[in-house]
Amino acid sequence: MVLDRLTGKSILITRPVHQAGNLAARIKELGGEPWLFPVLEISDSENKQPLLDMIARLDDFDLAVFVSPNAVERVMPLVHAERRWPEHVRVATVGKGTARALEHHGIPIVIVPEDGSDSEALLRVPQLQIMQGKRIIIFRGNGGRKLLGDTLRDRGASVDYVECYRRHRPEVDPLPLLKYWRDNGIQAVVISSSEGLDNLFDMIGKTGQQLLRATTVFTAHDRIECKARELDIRKIYRTPLGDEGTVQGLLEYFEKIQSH
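Residues numbered from 1 in each chain as written. Predicted model: local features only at pLDDT ≥ 70, side-chain atom pairs only at ≥ 80, totals over all residues. Heavy atoms only, no water.

Rule in force here: UniProt positions are given in the numbering used here, feature names are shortened, and annotations may be inferred rather than shown by experiment.
As recorded by an unreviewed UniProt entry, the chain carries the name Uroporphyrinogen-III synthase and is attributed to Nitrosomonas eutropha. The heading Catalytic activity (unreviewed entry) in the UniProt record of the chain holds the text "hydroxymethylbilane = uroporphyrinogen III + H2O".

### Details of the UniProt feature "domain: Tetrapyrrole biosynthesis uroporphyrinogen III synthase" (unreviewed entry) in the chain
Note the cut-off: Numbering goes from the N terminus for both helices and strands, where a helix is a DSSP run of H or I of at least four residues and a strand is a run of E of at least two.
Per the UniProt annotation, the sites labelled "domain: Tetrapyrrole biosynthesis uroporphyrinogen III synthase" (unreviewed entry) are residues 23-237. Note that residues 23-237 is 41% helix and 20% strand, and that its end C-alpha atoms are spaced 17 Å apart.

### Topic: the layout of surface pockets
A water-sized probe rolled over the atoms picks out the places where empty space is left. To keep things clear, this is the line we draw: Using a grid of 1 Å spacing that covers the protein atoms alone, one calls a set of points a cavity when a 1.4 Å probe fits there but cannot get out, and a pocket when the set is open and has protein on both sides within 12 Å along at least five of seven lines; lining residues are those with an atom within 4 Å of a point. Grid points are joined across faces, edges and corners, and a volume is the space filled by probe spheres set on the points. Just so you know the grouping, Ala, Val, Leu, Ile, Met, Phe, Trp, Tyr, Cys and Pro go in nonpolar, Asp, Glu, Lys and Arg go in charged, and all remaining residues, Gly too, go in polar.
Approximately 240 Å³ is the volume attributed to the second largest pocket. Forming the boundary of the second largest pocket are Trp 85, Pro 86, Glu 87, Val 89, Arg 90, Val 91, Gly 106, Ile 107, Pro 108, Ile 109, Val 110 and Ile 111. Along the lines of polarity and charge, the residues of the lining of the second largest pocket split into 9 nonpolar, 1 polar and 2 charged.

### As for the pattern of salt bridges
Which entries qualify depends on this criterion: A pair is scored as a salt bridge if a Lys or Arg side-chain nitrogen falls within 4 Å of a carboxyl oxygen belonging to Asp or Glu. For every residue, the accessible area obtained with a 1.4 Å probe (protein chains only) is divided by the maximum for its type, and the residue is called buried under 20%, exposed over 50%, and partly exposed between those limits.
What the rule picks out here adds up to 23 salt bridges. Across the pair Asp 60 and Arg 57 runs a salt bridge whose closest N-O atoms are separated by 3.1 Å. By relative accessible area, Arg 57 is classed as partly exposed at 37%. The residue Glu 225 makes a salt bridge to Arg 238 at a minimum N-O spacing of 2.8 Å. Here Glu 225 is found in helix H9 (residues 222-230), whereas its partner Arg 238 is found in strand S10 (residues 236-238), with 13 residues between them in sequence. When salt bridges with common partners are traced through the structure, they connect Asp 222, Glu 225, Arg 229 and Arg 238 into a single cluster.

### Considering the domain arrangement of the chain
Selection rule: For every domain, the bounds stem from an assignment made automatically or drawn from a database. Joining two parts hides part of their accessible area as seen by a 1.4 Å probe, and the buried area is that hidden amount summed over both. Between N or O atoms, a polar contact is any pair within 3.5 Å; within protein, one atom must be a potential hydrogen donor and the other a potential acceptor, and residues adjacent in sequence are included only when both atoms are from side chains.
Under the domain assignment used here, the chain contains domain 1 (10-40 + 170-259) and domain 2 (43-167). Carbon and sulfur atoms supply 41% of the area buried between domain 1 and domain 2, which totals about 600 Å² over both sides. Of all residues in domain 1, Glu 195, Arg 223 and Leu 241 give up the largest surface area on contact with domain 2, accounting jointly for 57% of the area buried on that side. Counting every contact that joins domain 1 to domain 2 gives 1 salt bridge. The partner of Glu 195 in a salt bridge is Arg 167, with the nearest N and O atoms 2.6 Å apart. Linking domain 1 to domain 2 there are 3 residue pairs in polar contact (both at pLDDT 80 or more). The residue makeup of the side of domain 1 that touches domain 2, split by class, is 2 nonpolar, 3 polar and 2 charged.

### Description of unusual backbone geometry
Residues other than glycine seldom take positive phi values, yet Asp 232 does so here, at roughly 65°. Structurally, Asp 232 can be placed in the loop between H9 and S10.

### Here's the deal with the environment of Leu 122
Stated precisely, the cut-off is as follows: Residues are treated as being in contact if the distance between any of their heavy atoms lies within 4.5 Å.
Here Leu 122 lies in helix H5 (residues 119-123). Between the C-alpha atom of Leu 122 and that of Val 94, which follows or precedes it by 28 residues, the distance is 5.5 Å. Residue contacts for Leu 122: discarding those within four places in its chain leaves Val 65, Ala 92, Thr 93, Val 94, Ile 111, Pro 113, Leu 128 and Leu 148.

### Let's talk about the pairing of strand S7 (residues 158-168)
Rules: At least two bridges found by DSSP between two strands is the condition for calling them paired.
Summarising the sheet, strand S3 (residues 41-43) and S7 pair through 3 bridges and their orientation is antiparallel. Directly across from Ser 43, in S7, lies its bridge partner Arg 166.

### Things to note about the packing of aromatic side chains
Going by this rule: Whether two aromatic rings pair depends on their centres lying within 6.5 Å, for rings of Phe, Tyr and Trp, where Trp uses its six-membered ring; planes under 30 degrees apart make the pair stacked, over 60 edge-to-face, and the rest tilted. For a Lys NZ or an Arg CZ to count as sitting over a ring, it must be within 6 Å of the ring centre and within 35 degrees of the ring normal.
Considering all chains together, one arrives at 8 aromatic pairs under this definition. Considering the side-chain rings of Trp 35 and Tyr 180, the 4.6 Å spacing of their centres and the 35° angle between planes classify their relative orientation as tilted. Here Tyr 180 lies in helix H7 (residues 175-182) and Trp 35 lies in strand S2 (residues 33-36), a separation of 145 residues in the sequence. Cation over ring: Lys 9 sits above Phe 254, and NZ or CZ is 5.2 Å from the ring centre. Just above the ring of Tyr 161 sits the side chain of Arg 140; from NZ or CZ to the centre is 3.8 Å.

Set out below in structure tokens:
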């Protein structure tokens with residue numbers, strides 16, 4: 001049966017809890033067992049005033065960039081509470097999941113790359129090539145990559161960043177997971193960010209790192225594959241983007257394994 005295609009497969013999902021539900025449900029539908037082990041925790045910024053000040057100044061900008069669904073969920077309710085989104089301020093994002101979140105909040109027209117879901121892909125879109133004199137605000141979490149802002153400045157734009165959430169490494173006891181994994185309980189690990197992979201590597205310790213290197217890691221992103229190889233993880237399977245892409249990759253991989 002189609003719905004049994006992942007039967008007997010336990011799949012480690014490392015996303016924040018609030019972002020893991022749809023993928024976990026799809027894996028269950030296909031007979032698999034999702035094991036949730038979040039390696040990133042998302043919380044509000046300690047000081048919201050800079051974000052509120054920037055929302056008040058939205059009219060000053062030509063383009064707003066949201067780096068993730070977390071940015072959308074932290075920013076748009078505050079915008080709606082204070083004002084309407086200025087019609088002249090275009091909106092861009094790195095991925096289709098964030099674009100869907102923006103549409104849910106009343107922003108139907110979003111610049112989003114068709115050929116990827118990272119800063120590199122967004123920087124390739126035609127609308128972001130000629131940026132001389134443009135004023136851009138980037139909504140993001142604490143820290144993060146500088147590539148997007150630096151490149152847009154190189155193209156002539158003025159760029160402001162504002163932190164709208166914080167990412168933390170959770171305090172989680174890895175021992176139940178390691179015991180299950182050691183007993184041949186995990187057949188696949190889904191990774192959705194380089195930072196998350198670093199956190200997972202630290203959280204599970206040397207024993208877990210050996211288990212991780214013996215298990216196939218599934219990711220849709222070049223940077224995560226490069227990070228995995230830096231950590232001496234060699235069993236990597238590239239998937240299409242999004243939850244359905246991850247499911248498609250899992251099904252393809254296990255069907256290949258079973259056919260050999």
